[in-house]
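So the chains spell out like this:
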Amino acid sequence: MRLSDWQLHRLRDALRAFHKFGRDPVDGRHFNWKDASEAIFLSTEVEVPPERLRQFVEGVKTPGGGRRLLTMQDDRLDAIAKFATDEDYGLISEAELREHAPSWHAAQRLLEYLKQDFDTERILPPSTLEGTYRNGRIDEDNYVVRELTLQRASDDGLIRLVQIEDSYELLDGMQFDDFTPEKREEVRDSRIVFGGWAILTPEDNLLMFLKKERTGQNCYYMTVAAENWHSLQAPAAALALLRHDYPIETNEGEPLEPKKLPGISEAIGNNIALFRRVA
């Protein structure tokens, strides 16, 4: 089986996790590369020398001080792939190795991790959340309008997201609701598009992860207040969300102390936005 670069990186990540976080069930010690090599042999009956395995994952030093990643013979790569997807070890799934969709894989893993032992079934996000929500607010010297669209949840409980962020001069922004769609486009200064996904946790928290197109810059949302979505007979009217990207900066050189908490709380409050349904 010929593997692409992203598949090789995924295998390296799986082996790195096994080496770094795996523990011997008898004495509790962390696995070394010899343990990883033996585990591969037990799973596939193919020998991959420990040092060769380490070089495949960590690379080798170059004269310039960097590291160069090495590949392996096809039979050894096939063995590593078979081991990594072996359900007894649970490193990665066959789908994760075949499909280049890391964001969806991350969402599914997060849902699996958040499942509680006493949960008898996974509660899917209700269809009442599907739709487009809008928030407009003054942001520095501009008026920023954000439209957040939640698509209907998949059978796995994943919600695809799109956010369109439009910036206007303050005077135009304050008249946004009175403008026609054509006028809004005419006076708009800039547009940024984000894409991503959301999950609904067992506690009914919406966790949203978005990336800016082209640059991949991250943006996160989480619910801070909510209606009882599962009992709603009509679509949800609004979403109260905390928007987060970078931590709140405090004065350099000064330690965090209780007296700083009111200022931090105020800054967090300024990042809470009410998105109202528009479609």
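Refer to the structure presented above.
Residues numbered from 1 in each chain as written. Predicted model: local features only at pLDDT ≥ 70, side-chain atom pairs only at ≥ 80, totals over all residues. Heavy atoms only, no water.

S.K.: How do you make sense of the overall build of the protein when you look at a structure like this?
M.R.: Each helix and strand counted, the protein has 9 helices and 10 strands in total. Its C-alpha atoms give the protein a radius of gyration of 24 Å, clearly above 19 Å, the size a compact globule of 279 residues would have. Expressed along its principal axes, the backbone C-alpha trace of the protein runs to roughly 70 × 50 × 45 Å. Burial analysis of the protein (279 residues in total) assigns 37% to the buried set. Summing over all exposed atoms, the protein offers an accessible surface of approximately 17300 Å²; the carbon and sulfur share of this is 50%. Considering the protein, the positive charge centre built from 36 side chains and the negative charge centre built from 50 side chains are found 4 Å apart. (Helix = DSSP H or I, 4+ residues; strand = E, 2+ residues; numbered from the N terminus. Rg over C-alpha atoms; globule rule 2.2 N^0.38 Å. Buried < 20%, exposed > 50% of the residue type's maximum accessible area, 1.4 Å probe, protein only. Areas by Shrake-Rupley, 256 points an atom, 1.4 Å probe, with all protein chains shown as cover. Lys, Arg positive; Asp, Glu negative; His and termini not counted. Charge placed at Lys NZ, Arg CZ, Asp CG, Glu CD.)

S.K.: What is the right way to read the pairing of strand 6 (residues 190-200) from this model?
M.R.: The two faces of a sheet get side chains in turn, since along a regular strand they alternate between them. Sheet topology note: the strand 5 (residues 159-169)/strand 6 ladder contains 9 bridges and is antiparallel. Bridge pairing links Glu 165 to Ile 192 in strand 6. Linkage of strand 6 to strand 7 (residues 206-212), two consecutive antiparallel strands, is achieved through a turn of 5 residues, within which Asp 204 is found at a positive phi near 70°. (Pairing = 2+ DSSP bridges.)

S.K.: Help me understand the nonpolar core, please; the structure alone is not making it clear to me.
M.R.: Soluble, globular proteins show a tendency: their nonpolar side chains are buried together. Within the largest apolar cluster, 25 residues are counted, with the highest numbers of intra-cluster contacts made by Leu 11, Leu 15, Ile 40, Leu 53, Phe 56 and Ile 80. Elements with a minimum of two residues in this core: helix 1 (5-21), helix 2 (33-44), helix 3 (50-58) and helix 4 (74-84). Residue contributions to this core peak at 6 residues, all from helix 4. By size, the runner-up hydrophobic cluster in this structure holds 20 residues, among which are Leu 129, Leu 148, Leu 200 and Trp 229. (Core = buried A, V, L, I, M, F, W, Y, C linked by side-chain atoms within 4.5 Å.)

S.K.: Sorry, what's going on with the sheet that holds strand 7 here?
M.R.: Within a sheet, neighbouring strands are paired by backbone hydrogen bonds and run either parallel or antiparallel to one another. Strand order in the closed barrel formed by 8 strands is 3-4-5-6-7-8-9-10, and the pairing between neighbours is antiparallel. Averaged over all pairs of adjacent strands, the angle between their axes in this sheet comes to 30°, without regard to strand direction. As paired elements, strand 6 and strand 7 share 7 bridges and run antiparallel to each other. Looking at the pairing, Gly 195 lines up with Lys 211 of strand 7. (Axes fitted to C-alpha atoms, helices over the stretch in contact; angles between N-to-C directions.)

S.K.: Looking at this structure, I do not really get a nonpolar patch on the surface. What am I missing?
M.R.: A surface patch of nonpolar side chains, about 350 Å² in accessible area, is lined by Met 222, Val 224, Ile 248, Ile 268 and Ile 272. Turning to its location among the elements, Met 222 is positioned in strand 8 (residues 218-225). For Met 222, a relative accessible area of 34% gives the class partly exposed. (Patch = residues over 30% accessible without salt bridge, like charges linked within 9 Å, V, L, I, M, F, W, Y side chains within 5 Å. Salt bridge = Lys/Arg side-chain N within 4 Å of Asp/Glu carboxyl O.)

S.K.: Sorry, what's going on with the pattern of salt bridges here?
M.R.: Opposite charge on two side chains lets them pair, provided their charged atoms get close. This model, assessed by the stated rule, comprises 15 salt bridges. Here Glu 58 makes a salt bridge to Arg 54, at a shortest N to O gap of 3.0 Å. With Glu 58 and Arg 54 both in helix 3, this residue pair falls 4 residues apart, about one helical turn. Across the pair Asp 139 and Arg 146 runs a salt bridge whose closest N-O atoms are separated by 3.5 Å. What emerges from the salt-bridge pattern is a single network uniting Asp 24, Asp 27, Arg 29 and Asp 35.

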